[in-house]
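Architecture at a glance
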Amino acid sequence: MISIGIDIGSFSIKVAECEATSRGHSVRRLMELPLSQDPSKDKKIEIIDALRTLFANYDLDQTQFVFAVSQKYISARLLNFPFRERFKIQKAVVSLLEDELPFSQEDAIFDAKVVRFIGKGADCLSMAVPKERVAEVITLANDCGVSPHLVSAESLALYNHFENLE
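What you see is a predicted model, and the numbers here were worked out from it, not measured in a lab.

Before going further, it helps to examine helix 2 (residues 86–97). End to end, helix 2 covers 16 Å across 12 residues, agreeing with the expected 16 Å (1.5 Å per residue, within 8%). Residues of helix 2 that are buried include every one of I89, A92, V93 and L97, and no others. Buried positions in helix 2, seen along its axis, are confined to an arc of 115 degrees and lie on one side of it. Of the exposed residues in helix 2, those oriented more than 90 degrees away from the buried face are F87 and K91. Of the surrounding elements, those touching the buried residues of helix 2 are strand 5 (75–81), strand 6 (108–118) and strand 7 (121–130).

Now for the sheet that holds strand 6. Pairing is antiparallel across the open sheet formed by 3 strands, whose spatial order is 5-7-6. For this open sheet the edge positions go to strand 5 and strand 6, each flanked by a neighbour on one side alone. Sheet twist, expressed as the mean angle between neighbouring strand axes with direction ignored, is 20 degrees. Of the pairings in the sheet, the one linking strand 5 to strand 7 comprises 7 bridges and is antiparallel in character. Looking at the pairing, F81 lines up with A122 of strand 7. Packed on one face of the sheet, helix 2 meets strand 5, strand 6 and strand 7 and runs near 120 degrees to strand 6.

Here is what the cut-offs are and how they apply
Residues numbered from 1 in each chain as written. Predicted model: local features only at pLDDT ≥ 70, side-chain atom pairs only at ≥ 80, totals over all residues. Heavy atoms only, no water. Helix = DSSP H or I, 4+ residues; strand = E, 2+ residues; numbered from the N terminus. Expected span 1.5 Å × (residues − 1). Buried < 20%, exposed > 50% of the residue type's maximum accessible area, 1.4 Å probe, protein only. Arc of directions from axis to C-beta. Contact = heavy atoms within 4.5 Å. Pairing = 2+ DSSP bridges. Axes fitted to C-alpha atoms, helices over the stretch in contact; angles between N-to-C directions.

What follows is the structure, given as structure tokens:
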């Protein structure tokens with residue numbers, strides 16, 4: 001199975017191609033597709049054209065597509081919890097981030113990634129993103145002719161890259 005990670009920035013589209021093998025995962029290719037800085041060009045159309053051209057090189061039945069939501073739309077905090085259970089953390093994140101969000105809690109998606117366990121507690125990277133931003137990413141993927149397997153936050157992708165797995 002091949003996984004394609006896509007991060008759409010202001011200046012370029014970054015693409016990582018990974019393959020699952022019997023020994024684990026390996027990065028097969030990294031690409032950067034530059035975007036025009038000409039303000040008269042429609043950036044969304046340019047992005048869709050670039051991604052459609054890229055996706056034409058893959059068997060869509062054997063490929064998973066992972067898209068990133070830009071970090072500028074995500075509210076993230078490092079939170080400490082006196083417990084480690086994921087379901088408790090998930091419920092607590094919503095109430096702890098409530099007063100700090102620059103958008104409505106009802107219109108947000110929340111998630112948390114455990115950074116480390118400390119005794120019976122846990123430190124978590126906790127995030128919220130407006131549902132509208134996730135919907136935009138899904139719509140863009142569908143416009144390119146693919147269905148995203150996963151929509152993630154840039155910060156979690158970076159954290160997973162640098163995480164100490166020992």
